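# Working through the structure, step by step
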Amino acid sequence: MRRTFAEEPDRWAEARERMVRDQIAARGVRDPRVLEAMRIIPRHVFVPPDKQMWAYEDRPLSIGHGQTISQPYIVARMTELLGLQGDEKVLEVGTGSGYQAAILGYLAPEVHTVERVPELAQQAAARLAALGLPHVQVHVADGTLGWPPAAPYDAILVAAAAPQVPKPLLEQLAVGGRLVLPVGDRYQQFLERWTRLGPDDFRHERFEPVAFVPLVGKAGWPEA
Ligand code: SAH
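Okay, so let's go over this structure.

Across the sheet, seven strands lie side by side as E5-E4-E3-E6-E7-E8-E9; this open sheet has mixed pairing. Edge positions in the sheet fall to strand E5 (136-140) and strand E9 (201-210), since each of these pairs with one other strand and no more. Strand-to-strand twist across the sheet, computed as the mean angle between neighbouring axes with direction ignored, equals 15 degrees. Taken together, the seven bridges between strand E7 (residues 173-184) and strand E8 (residues 189-198) define a ladder with antiparallel strand orientation. Bridging from a neighbouring strand, Leu181 pairs with Glu192 of E8. Where helix H6 (residues 118-130) meets the sheet, its contacts fall on strand E4 (110-115) and E5, and the angle it forms with E5 comes to roughly 165 degrees.

A word on the pattern of salt bridges. A side chain of one charge can pair with a side chain of the opposite charge if their charged atoms are brought near each other. Counted by the stated rule, this structure contains 14 salt bridges. The shortest N-O distance in the salt bridge between Arg27 and Asp58 comes to 2.6 Å. Of this pair, Arg27 sits in the loop between helix H2 (13-25) and helix H3 (32-40) while Asp58 is found in the loop between H3 and strand E1 (61-64), placing the two residues 31 residues apart along the sequence. Judged by its relative accessible area of 34%, Asp58 is partly exposed. The partner of Glu57 in a salt bridge is Arg59, and the shortest N-O contact between them spans 3.5 Å. For Glu57, a relative accessible area of 34% puts it in the partly exposed group. Salt bridges linked by common partners bring Arg77, Glu80 and Glu208 together as one network.

With that settled, consider the site of the ligand. In the region of the ligand, 26 residues are neighbours, and Ser97, Glu115, Asp142, Gly143 and Val216 sit closest. At 2.9 Å from a nitrogen atom of the ligand is found a side-chain nitrogen or oxygen belonging to Glu92. With respect to the ligand, the side chain of Glu115 contributes an N or O atom lying 2.6 Å from an oxygen atom. Coverage of the ligand by the protein amounts to 99% of the 580 Å² it exposes when considered alone. Looking at the shell around the ligand, the elements that each hand over two or more residues are strand E2 (67-69), helix H5 (99-107) and E4. Each residue belonging to the shell around the ligand can be placed in one class, and the counts come to twelve nonpolar, ten polar and four charged.

Ranked by size, the top nonpolar core spans 51 residues in total, and within it Met38, Phe46, Tyr99 and Ile103 carry the most contacts. Among the secondary structure elements, those contributing two or more residues to this core are H2, H3, E1, helix H4 (72-82), H5, H6 and strand E6 (153-158). The residues contacting Ile103, other than those within four sequence positions of it, are Ala37, Met38, Ile41, Val75 and Thr79. In this structure, Trp147, Val158, Ala162 and Trp194 belong to the second largest nonpolar core, which totals 19 residues.

What counts and what doesn't
Residues numbered from 1 in each chain as written. Predicted model: local features only at pLDDT ≥ 70, side-chain atom pairs only at ≥ 80, totals over all residues. Heavy atoms only, no water. Pairing = 2+ DSSP bridges. Helix = DSSP H or I, 4+ residues; strand = E, 2+ residues; numbered from the N terminus. Axes fitted to C-alpha atoms, helices over the stretch in contact; angles between N-to-C directions. Contact = heavy atoms within 4.5 Å. Salt bridge = Lys/Arg side-chain N within 4 Å of Asp/Glu carboxyl O. Buried < 20%, exposed > 50% of the residue type's maximum accessible area, 1.4 Å probe, protein only. Near = heavy atom within 4 Å. Polar contact = N/O pair within 3.5 Å; in protein donor to acceptor, adjacent residues only side chain to side chain. Areas by Shrake-Rupley, 256 points an atom, 1.4 Å probe, with all protein chains shown as cover. Nonpolar A, V, L, I, M, F, W, Y, C, P; charged D, E, K, R; others polar. Core = buried A, V, L, I, M, F, W, Y, C linked by side-chain atoms within 4.5 Å.

Next up, the structure:
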(Lines give C-alpha, C1' and ligand atoms only; values in the text may rest on other atoms or scores of the structure.)
Protein backbone atom coordinates (compact mmCIF):
# COMPACT_ATOMS: atom_id res chain seq x y z
CA MET A 1 0.00 0.00 0.00
CA ARG A 2 2.80 2.40 0.90
CA ARG A 3 4.57 1.49 -2.29
CA THR A 4 1.63 2.45 -4.50
CA PHE A 5 1.65 5.98 -3.12
CA ALA A 6 5.43 6.35 -3.12
CA GLU A 7 5.88 5.12 -6.68
CA GLU A 8 3.35 7.50 -8.16
CA PRO A 9 4.43 10.99 -7.23
CA ASP A 10 1.70 13.33 -8.45
CA ARG A 11 2.03 16.92 -9.55
CA TRP A 12 1.03 18.03 -6.07
CA ALA A 13 3.93 16.28 -4.32
CA GLU A 14 5.95 19.46 -4.08
CA ALA A 15 3.03 21.39 -2.55
CA ARG A 16 2.71 18.61 0.02
CA GLU A 17 6.41 18.80 0.87
CA ARG A 18 6.05 22.53 1.49
CA MET A 19 2.91 21.98 3.57
CA VAL A 20 4.72 19.50 5.80
CA ARG A 21 7.81 21.67 6.17
CA ASP A 22 6.24 25.11 6.63
CA GLN A 23 2.94 24.35 8.39
CA ILE A 24 3.50 21.12 10.28
CA ALA A 25 7.16 20.46 11.10
CA ALA A 26 7.71 24.21 11.63
CA ARG A 27 5.01 24.20 14.31
CA GLY A 28 6.61 21.35 16.22
CA VAL A 29 5.11 18.09 14.94
CA ARG A 30 8.07 15.70 15.10
CA ASP A 31 6.74 12.13 14.75
CA PRO A 32 8.44 10.93 11.55
CA ARG A 33 5.62 8.52 10.68
CA VAL A 34 3.02 11.29 10.95
CA LEU A 35 5.15 13.56 8.74
CA GLU A 36 5.52 10.73 6.22
CA ALA A 37 1.75 10.12 6.12
CA MET A 38 1.11 13.82 5.54
CA ARG A 39 3.69 13.82 2.74
CA ILE A 40 2.17 10.80 1.01
CA ILE A 41 -1.63 11.04 1.34
CA PRO A 42 -3.00 13.30 -1.43
CA ARG A 43 -5.16 15.93 0.31
CA HIS A 44 -6.43 17.38 -3.00
CA VAL A 45 -8.36 14.14 -3.62
CA PHE A 46 -10.47 14.90 -0.53
CA VAL A 47 -11.60 18.44 -1.35
CA PRO A 48 -14.29 19.48 -3.84
CA PRO A 49 -12.86 19.98 -7.38
CA ASP A 50 -13.42 23.76 -7.30
CA LYS A 51 -11.26 24.04 -4.16
CA GLN A 52 -8.37 21.79 -5.19
CA MET A 53 -6.07 24.73 -5.79
CA TRP A 54 -6.21 25.47 -2.07
CA ALA A 55 -5.80 21.87 -0.94
CA TYR A 56 -2.33 22.39 0.53
CA GLU A 57 -2.95 25.77 2.12
CA ASP A 58 -2.85 26.44 5.84
CA ARG A 59 -6.60 26.36 6.52
CA PRO A 60 -9.74 24.28 6.68
CA LEU A 61 -11.91 24.10 3.54
CA SER A 62 -15.64 23.69 3.12
CA ILE A 63 -16.73 20.24 1.85
CA GLY A 64 -20.51 20.82 1.65
CA HIS A 65 -23.33 19.95 4.07
CA GLY A 66 -22.02 22.76 6.33
CA GLN A 67 -18.91 20.69 7.11
CA THR A 68 -15.17 21.23 6.70
CA ILE A 69 -11.95 19.33 6.12
CA SER A 70 -9.65 20.34 8.99
CA GLN A 71 -6.52 22.47 8.58
CA PRO A 72 -3.55 20.19 7.70
CA TYR A 73 -1.62 21.14 10.86
CA ILE A 74 -4.55 20.16 13.10
CA VAL A 75 -4.84 16.77 11.36
CA ALA A 76 -1.13 16.16 11.94
CA ARG A 77 -1.20 17.44 15.52
CA MET A 78 -4.18 15.29 16.58
CA THR A 79 -2.67 12.25 14.87
CA GLU A 80 0.62 12.81 16.69
CA LEU A 81 -1.22 13.06 20.03
CA LEU A 82 -2.62 9.55 19.41
CA GLY A 83 0.95 8.18 19.52
CA LEU A 84 0.34 5.43 16.94
CA GLN A 85 3.07 2.77 16.73
CA GLY A 86 1.68 0.81 13.78
CA ASP A 87 -0.36 -2.04 15.31
CA GLU A 88 -3.44 -0.23 16.59
CA LYS A 89 -7.16 -0.52 16.02
CA VAL A 90 -8.39 3.05 15.57
CA LEU A 91 -11.79 4.76 15.63
CA GLU A 92 -12.46 8.17 14.10
CA VAL A 93 -15.70 10.06 14.75
CA GLY A 94 -16.62 12.54 11.99
CA THR A 95 -15.38 11.12 8.66
CA GLY A 96 -16.19 14.28 6.69
CA SER A 97 -14.06 14.15 3.53
CA GLY A 98 -12.21 11.02 4.67
CA TYR A 99 -8.81 12.75 4.73
CA GLN A 100 -8.08 12.25 8.42
CA ALA A 101 -9.22 8.62 8.08
CA ALA A 102 -6.74 8.13 5.21
CA ILE A 103 -3.91 9.49 7.37
CA LEU A 104 -4.94 7.10 10.15
CA GLY A 105 -5.18 4.28 7.59
CA TYR A 106 -1.61 4.93 6.50
CA LEU A 107 -0.45 4.50 10.09
CA ALA A 108 -2.64 1.71 11.44
CA PRO A 109 -3.85 -1.69 10.16
CA GLU A 110 -7.53 -1.30 11.18
CA VAL A 111 -9.51 1.94 11.13
CA HIS A 112 -13.24 2.47 11.64
CA THR A 113 -14.65 5.91 10.89
CA VAL A 114 -18.20 7.01 11.67
CA GLU A 115 -20.11 9.81 9.89
CA ARG A 116 -23.69 10.98 10.46
CA VAL A 117 -24.25 12.51 6.97
CA PRO A 118 -24.76 9.58 4.54
CA GLU A 119 -23.64 11.52 1.43
CA LEU A 120 -20.32 12.48 3.03
CA ALA A 121 -19.78 8.90 4.20
CA GLN A 122 -20.42 7.59 0.68
CA GLN A 123 -17.99 10.00 -0.97
CA ALA A 124 -15.32 9.34 1.65
CA ALA A 125 -15.68 5.57 1.27
CA ALA A 126 -15.24 5.85 -2.51
CA ARG A 127 -12.08 7.97 -2.12
CA LEU A 128 -10.57 5.63 0.47
CA ALA A 129 -11.25 2.61 -1.73
CA ALA A 130 -9.74 4.33 -4.77
CA LEU A 131 -6.58 5.08 -2.79
CA GLY A 132 -6.21 1.42 -1.84
CA LEU A 133 -7.14 1.68 1.83
CA PRO A 134 -9.68 -1.18 2.25
CA HIS A 135 -8.81 -1.54 5.95
CA VAL A 136 -10.43 1.86 6.56
CA GLN A 137 -14.14 1.19 7.00
CA VAL A 138 -16.75 3.94 6.86
CA HIS A 139 -19.95 3.57 8.90
CA VAL A 140 -23.04 5.80 8.95
CA ALA A 141 -24.09 6.29 12.58
CA ASP A 142 -24.08 8.63 15.56
CA GLY A 143 -20.41 8.50 16.49
CA THR A 144 -20.98 10.00 19.94
CA LEU A 145 -21.99 6.44 20.77
CA GLY A 146 -18.73 5.12 19.31
CA TRP A 147 -18.83 2.04 17.09
CA PRO A 148 -19.52 -0.87 19.45
CA PRO A 149 -19.11 -3.77 16.95
CA ALA A 150 -15.34 -3.25 16.70
CA ALA A 151 -14.61 -1.98 20.26
CA PRO A 152 -12.33 -1.70 22.18
CA TYR A 153 -9.98 0.73 20.38
CA ASP A 154 -6.33 1.55 21.03
CA ALA A 155 -6.89 5.05 19.74
CA ILE A 156 -9.96 7.24 19.15
CA LEU A 157 -9.95 10.60 17.36
CA VAL A 158 -13.00 12.89 17.33
CA ALA A 159 -12.97 15.44 14.50
CA ALA A 160 -15.91 17.55 15.75
CA ALA A 161 -16.39 19.76 18.82
CA ALA A 162 -17.83 17.99 21.87
CA PRO A 163 -19.52 19.83 24.77
CA GLN A 164 -17.97 17.22 27.06
CA VAL A 165 -16.18 13.91 26.59
CA PRO A 166 -18.74 11.36 25.33
CA LYS A 167 -18.89 8.58 27.91
CA PRO A 168 -19.37 5.79 25.34
CA LEU A 169 -16.02 6.72 23.79
CA LEU A 170 -14.21 6.42 27.13
CA GLU A 171 -15.91 3.04 27.61
CA GLN A 172 -14.76 1.82 24.17
CA LEU A 173 -11.11 2.69 24.85
CA ALA A 174 -8.77 -0.25 25.54
CA VAL A 175 -6.62 -0.04 28.67
CA GLY A 176 -3.56 1.92 27.56
CA GLY A 177 -5.61 3.52 24.77
CA ARG A 178 -5.79 7.26 23.93
CA LEU A 179 -8.78 9.44 23.02
CA VAL A 180 -8.01 12.81 21.37
CA LEU A 181 -10.81 15.34 20.85
CA PRO A 182 -11.78 19.03 20.94
CA VAL A 183 -13.87 19.90 24.02
CA GLY A 184 -15.54 23.27 24.62
CA ASP A 185 -18.41 25.46 23.46
CA ARG A 186 -19.65 25.90 19.89
CA TYR A 187 -17.07 28.54 18.98
CA GLN A 188 -13.88 27.51 20.72
CA GLN A 189 -12.55 24.30 22.16
CA PHE A 190 -9.30 22.89 23.52
CA LEU A 191 -7.67 19.71 22.29
CA GLU A 192 -7.79 17.10 25.04
CA ARG A 193 -6.20 13.69 25.38
CA TRP A 194 -7.69 11.03 27.66
CA THR A 195 -5.51 8.00 28.35
CA ARG A 196 -7.07 4.92 29.92
CA LEU A 197 -4.58 3.81 32.56
CA GLY A 198 -6.86 1.13 34.06
CA PRO A 199 -10.54 0.08 33.88
CA ASP A 200 -11.61 3.10 35.98
CA ASP A 201 -8.50 5.24 35.76
CA PHE A 202 -8.08 7.97 33.13
CA ARG A 203 -5.35 10.58 32.72
CA HIS A 204 -6.56 13.85 31.24
CA GLU A 205 -4.36 16.42 29.42
CA ARG A 206 -5.27 19.71 27.77
CA PHE A 207 -3.52 21.28 24.74
CA GLU A 208 -4.03 24.22 22.37
CA PRO A 209 -7.28 26.03 21.45
CA VAL A 210 -9.04 24.94 18.23
CA ALA A 211 -12.33 25.61 16.39
CA PHE A 212 -14.27 22.61 15.05
CA VAL A 213 -17.79 22.14 13.70
CA PRO A 214 -20.15 20.74 16.37
CA LEU A 215 -20.39 17.07 17.25
CA VAL A 216 -24.14 16.47 16.95
CA GLY A 217 -25.61 13.43 18.63
CA LYS A 218 -26.86 11.69 21.73
CA ALA A 219 -23.66 12.30 23.72
CA GLY A 220 -22.87 15.57 21.88
CA TRP A 221 -24.81 18.73 20.93
CA PRO A 222 -28.54 18.47 20.22
CA GLU A 223 -29.59 18.75 16.56
CA ALA A 224 -29.89 22.48 15.60
N1 SAH B 1 -12.20 14.35 9.71
C2 SAH B 1 -12.82 15.11 8.64
C3 SAH B 1 -13.32 16.46 9.08
C4 SAH B 1 -14.55 16.32 9.85
S5 SAH B 1 -15.64 17.67 9.99
C6 SAH B 1 -11.92 15.26 7.45
O7 SAH B 1 -10.76 14.84 7.50
O8 SAH B 1 -12.39 15.76 6.43
C9 SAH B 1 -16.68 16.93 11.20
C10 SAH B 1 -17.56 15.83 10.67
O11 SAH B 1 -18.19 15.26 11.81
C12 SAH B 1 -18.67 16.31 9.76
O13 SAH B 1 -18.63 15.59 8.56
C14 SAH B 1 -19.95 15.99 10.55
O15 SAH B 1 -21.04 15.60 9.73
C16 SAH B 1 -19.49 14.86 11.43
N17 SAH B 1 -20.26 14.62 12.64
C18 SAH B 1 -20.81 15.53 13.51
N19 SAH B 1 -21.41 14.89 14.52
C20 SAH B 1 -21.25 13.56 14.31
C21 SAH B 1 -21.66 12.37 15.01
N22 SAH B 1 -22.36 12.41 16.14
N23 SAH B 1 -21.33 11.17 14.47
C24 SAH B 1 -20.63 11.08 13.33
N25 SAH B 1 -20.22 12.16 12.63
C26 SAH B 1 -20.53 13.38 13.11
